[in-house]
Structures are given as structure tokens and as C-alpha cells.
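Summary of the model geometry
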Amino acid sequence: MGRSLVLGRIAGIKILVHWTFLLLLGWIVISGVSKGNDTPTIINTVVFVLSIFVCVLLHELGHSLTAKRYGVDTKKITLLPIGGVASLERIPEDPRQELWVAVAGPAVNVVIALLLFPFIQTDQLFINEETAGIASTAGFLNSLFRINVALVVFNIIPAFPMDGGRILRALLAMRMGRMRATQIAANLGQFLALGFVFFGLTSGNPILILIGIFVYFGARTENVMVQHLELLKDYTVQSAMITNFVTLSPADSVKDAADKLLSGSDQDLIVVDNGQAIGIMTRSLIINSLRENRAGEAVTEIMERNFDTVAISDRLTEVYANAQRKKNAFFPVVEGNRLIGVIDMNNIQEFVMIRSALSYG
Ligand SMILES: [Zn+2]
């Protein structure tokens, strides 16, 4: 999704701003200038947009800090022009915890709105933004109040995986189990997402279209993940690992590795010394080394020495969750110190397909 700028850390959580957000600020300035607005008006607009994003950031911190209370860390919070995303390490599986984590975000905006309430002019609250303007302090606070109310209303629409959808899933999961609850919430989420796109198109609102697309695919991804975890939950690595795989010895050269890469379907080759995995030659390492004219060098000079392994008795659900967080998930399976197999995302997905074919057969 491109680059983000690190703003800093709050409570140990990395705060990032996506580059497109800077594009948005640039666009505000340029369109202000082209409309012939004076500098104070343009600065005012920029300050207003930044204030909205502070409210969005506080909303995300609401989720993150509540999750932290349940032992779930947040890797980062990213601010995008269409809103914020708190990347939690995992979604709490206990529906009550998920409920509170989801509620905490909109609750922050309720608090902000309540704090602003004494300073706003209620008689002007519903005047069109264009005419009320943000030039005066009162207009500014009125608009900020309205934005926070809108953030609450919009976020509690039950379009999973938006907050309202998570609240719905958590409430359903208390009654019928997480898999069925996710299915229902995700179906409703996808239906509402299509509605967002439709209204976005008819009203010419590109942000609503983007959010609709986000929600649609988000719902699908999470639904698939939960269904997979359900199918995997009774199995360990032993059931899905590959035992028939190609290895390299420390004496092999990069050229040997390239030959083995070509002759088989394995993409990552494990370098094995005395039955122990000591490194991994990934396809890209092999290709890059050839490009750098290092074909004659030993694989031990090039191989990746830092890699995660899994044990044969590890639960597949855990490996699946770990694999999803990485780009190139490939794990040697070890027992004691000995290499006995390999497992990657393809394996797990094949295993899921076979299980689901059997369970509906
Ligand atoms: Zn939220």
C-alpha cells in the first residue's frame, strides 16, 4: 500500500501517516489558492483537517488501549485520508473482549463531542457547513462537534469489519459461536459495503466508495480466516507438513541451488548440516546471487540464517496466524534439533481445501 511517515510513538504504539494524507493536505492548499482564498482561510482549513485527524487518532487509541488491557498489543496506528487503522496483533476471541475493544473507539468520539458541547452554538449546529464555515472559533468548534457525532454514527453502522460490525459479531458470537457469527456479520458487511459504493457513486463521494471497497474485501478476508481457523483447530503441524522436500548441503554452491530450484517445485531450499537446518536459500536469494555473479560461492555465504521454525506438535491455527503476518511464510519443522519437514502457507491452504471438501462431501 505504499509508504507511510512515522510521526512518533504513543504508549509504545507506532503512529504512522500514509503519504496519501499529505497529498490530501496539498490538495486542500492548492484548491484553496485556485479558488482565490486568502492565506488565513487556507491555514484554517488545514488546521481543521488536522483536528479531525487528531480525533481519528484518539478513536484508534481507544481501541488500542482497551485491547492492551486484555493483553493484545497494537503494532501500529496508520492514518489514511479515509480514516485510521489500528493494527492489533490479533482480534480478541472472547466476544466480550471484542465488544469492549470495538465500543471503545466510537466512545472516544462521544467523549470529545460531550467536551465540545458547552462551547458550541446549538442554534447554528445544523446550518450547512459551506455557509457556517470554520473561519470563526464558534464555526470551527461546531464543525468539529458535528464531525465527531458523524464519526460515532458512521462507525456504528454494522458493516463488519467496521466497529459496528465487530460489535454485532461479538453480540452474535455470545449466542451462536464465532464461526457462524462471523459469517452473518461478514455477509451483512459485504451487503452494506455495496450500499456504500452505490451511494458513493450516485452522490459523487469518492471517500464513501473507497470505504465500501475496503469494507467489502475486509469482510471477505476475515470471514475466510475465521472459517479456516475453525477447520484447522483440531490439527497440528504433523497433519499438513511436507516430508518430501529438497535440501542443500553446506558444500553446495549457488549454482547447485539454482539447479535444484529448476528441477523441482520447491521455492525455498533448506540448507541442512548433520540433520539440522542451518539456513534457508529463498528463490529471490538464489536469483539475486546469480545476477551478482556469485554462482560459484557456497550457499553458506548467502543463506538466510535468521528464520523461524515450528515444532511438529504446534497447533496449525497458530502457524496459520503467524504465516498470515509474513510476506513469505515458510517454516522448517523441527523435532528436538532435527529437521523433519517443512510447512508454508500453500500447504496450510491445501490442507484447508481438503478438509473443507471432506466436510461438505
Ligand atoms: Zn474504530
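Residues numbered from 1 in each chain as written. Predicted model: local features only at pLDDT ≥ 70, side-chain atom pairs only at ≥ 80, totals over all residues. Heavy atoms only, no water.

Our next topic: the layout of surface pockets. Empty space within the second largest pocket amounts to approximately 420 Å³. Lining the second largest pocket are 22 residues, with Q267, D268, F330, D344 and N346 sitting closest to its centre. Those elements that place two or more of their residues in the lining of the second largest pocket are β6 (268-273), α13 (316-324), β10 (338-344) and α14 (345-359). Sorting elements by how many residues they give to the lining of the second largest pocket places α14 first, with four residues. (1 Å grid on protein atoms, 1.4 Å probe; cavity = no way out; pocket = protein on both sides within 12 Å on 5 of 7 lines; lining within 4 Å. Points joined across faces, edges and corners; volume = space filled by probe spheres on them. Helix = DSSP H or I, 4+ residues; strand = E, 2+ residues; numbered from the N terminus.)

A separate point is the packing of helix α6 (residues 163-176) against helix α7 (residues 178-203). Running from amino to carboxyl end, α6 crosses α7 at an angle of 150 degrees, the nearest separation of the two axes being 8 Å. Seen along the crossing, α6 lies across α7 with a hand that is right-handed. The residues of α7 that touch α6, namely those facing G165, L168, R169, L172, A173 and M176, are R178, R180, A181, T182, I184, A185 and L188. Here the contact of α6 with α7 is built from residues that sort into eight nonpolar, two polar and three charged. (Axes fitted to C-alpha atoms, helices over the stretch in contact; angles between N-to-C directions. Left-handed = near helix turned anticlockwise from the far one by under 90°. Contact = heavy atoms within 4.5 Å. Nonpolar A, V, L, I, M, F, W, Y, C, P; charged D, E, K, R; others polar.)

Take the pairing of strand β7 (residues 276-282) next. Of all seven residues making up β7, five are buried, and the element is well covered by its neighbours. Here β6 runs beside β7; their pairing, made up of six bridges, is antiparallel. Bridge assignment links I270 to a residue of β7, and that residue is I280. Turn length for the β6-β7 hairpin, with the two strands adjacent in sequence and antiparallel, is two residues, and the turn residue N274 shows positive phi of about 55 degrees. (Buried < 20%, exposed > 50% of the residue type's maximum accessible area, 1.4 Å probe, protein only. Pairing = 2+ DSSP bridges.)

The next subject is the sheet that holds strand β2 (residues 13-18). Strands sit in the order β1-β2-β3-β4 across an open sheet of four strands; the sheet is mixed. Where the open sheet ends on each side, the last strands, each with one partner, are β1 (4-10) and β4 (83-88). Pairs of neighbouring strands in the sheet enclose a mean axial angle of 20 degrees, with direction left out of account. Inspection of the sheet shows β1 paired to β2 by six bridges, in the antiparallel sense. By the bridge assignment, S4 is partnered in β2 with H18. The strands that helix α1 (residues 19-34) touches are β1, β2 and β3 (74-80); relative to β2, the one it contacts most, it runs at about 50 degrees.

Let us now look at the coordination of the zinc ion. The zinc ion binds to the protein through H59 (NE2), H63 (NE2), D163 (OD) and D163 (OD); the donor distances cover 2.0 to 2.6 Å. Given four donor atoms and angles of 54 to 148 degrees at the metal, the environment of the zinc ion is assigned as irregular. In the primary structure, the donors to the zinc ion are separated according to the pattern H-x3-H-x99-D. One end of the pair, H59, is in helix α2 (residues 39-69); the other, D163, is in helix α6, and 104 residues separate them in sequence. (Donors = N, O, S within 2.8 Å, 3.2 Å for Na, K, Ca; no water. Tetrahedral: all angles 85-135°; square planar, octahedral: opposite > 155°, others 65-115°.)

All right, on to the pattern of salt bridges then. This structure, assessed with the given rule, holds nine salt bridges. R169 is the partner of E222 in a salt bridge, and the nearest nitrogen-oxygen pair spans 3.8 Å. Pair noted here: E222 is in helix α8 (residues 206-232) and R169 is in helix α6, with a separation of 53 residues, a long-range link. We note that E222, like R169, is buried. The salt bridge involving D259 is made with K255; its shortest N-O contact spans 3.1 Å. Linking D259 with K255, this pair stays in helix α10 (residues 254-263), spanning four residues, or about one helical turn. Within the structure, one salt-bridge network assembled from shared partners comprises E98, R166, R169 and E222. (Salt bridge = Lys/Arg side-chain N within 4 Å of Asp/Glu carboxyl O.)

Burial within β6 is extensive, with five of its six residues counted as buried. Here strand β5 (residues 247-248) runs beside β6; their pairing, made up of two bridges, is parallel. The partner of T247 across the bridge, within β6, is I270. Handedness of the crossover is the feature at issue here: the chain leaves β5, passes through α10, returns alongside β6, and the resulting connection is right-handed. (Right-handed = clockwise from strand over helix to strand, strands pointing away.)

Next up on the list: the UniProt feature "transmembrane region" (unreviewed entry) in the protein. Cross-referencing UniProt, the feature "transmembrane region" (unreviewed entry) maps to residues 12-30, 42-61 and 99-120 in the present numbering. The distance from the first to the last C-alpha atom of residues 42-61 is 29 Å, and the span holds 100% helix and 0% strand. Secondary structure across residues 99-120 comprises 82% helix and 0% strand; the distance between its end C-alpha atoms is 31 Å. (UniProt positions renumbered as here; feature names shortened; annotations may be inferred.)

Before going further, it helps to examine the packing of aromatic side chains. By the definition in use, this model includes seven aromatic pairs. Consider the rings of F198 and F199, whose centres lie 5.8 Å apart with planes at 70 degrees: the pair is edge-to-face. (Phe/Tyr/Trp six-rings, centres within 6.5 Å; stacked < 30°, edge-to-face > 60°.)

In globular proteins that are soluble, nonpolar side chains generally tend to be buried together. Counting residues in each nonpolar core, the largest one holds 33 residues, and the members touching the most others are I77 and L144. Secondary-structure elements contributing two or more residues to this core are β2, α1, α2, β3, β4, α3 (95-116) and α5 (137-155). Ranked by residues supplied to this core, first place goes to α2 with ten residues. Non-local contacts of I77, meaning those with residues more than four positions away in its chain, are made with I13, K14, I15, L16, L57, E60, L61, S64, V85 and A86. (Core = buried A, V, L, I, M, F, W, Y, C linked by side-chain atoms within 4.5 Å.)

Right, let's talk about the UniProt feature "domain: CBS" (unreviewed entry) in the protein for a bit. Under the present numbering, the feature "domain: CBS" (unreviewed entry) in UniProt falls on residues 241-296. Segment residues 241-296 splits into 34% helix and 27% strand. End C-alpha atoms: 32 Å apart.

Our next topic: the domain arrangement of the protein. Segmentation of the protein into domains returns domain 1 (1-155), domain 2 (158-232) and domain 3 (237-360). Using only C-alpha atoms to locate each centre, domain 2 and domain 3 end up separated by 35 Å. At the interface, five residues of domain 2 touch ten residues of domain 3. Carbon and sulfur atoms make up 77% of the area that domain 2 and domain 3 hide from each other, which totals about 780 Å². When residues of domain 2 are sorted by the area they lose upon contact with domain 3, H228, L231 and L232 head the list and together hold 71% of the total. The interface formed by domain 2 and domain 3 holds zero salt bridges in total. Where domain 2 meets domain 3, there are one residue pair in polar contact (both at pLDDT 80 or more). (Domains from an automatic or database assignment. Buried area = accessible area lost by both parts, 1.4 Å probe. Polar contact = N/O pair within 3.5 Å; in protein donor to acceptor, adjacent residues only side chain to side chain.)

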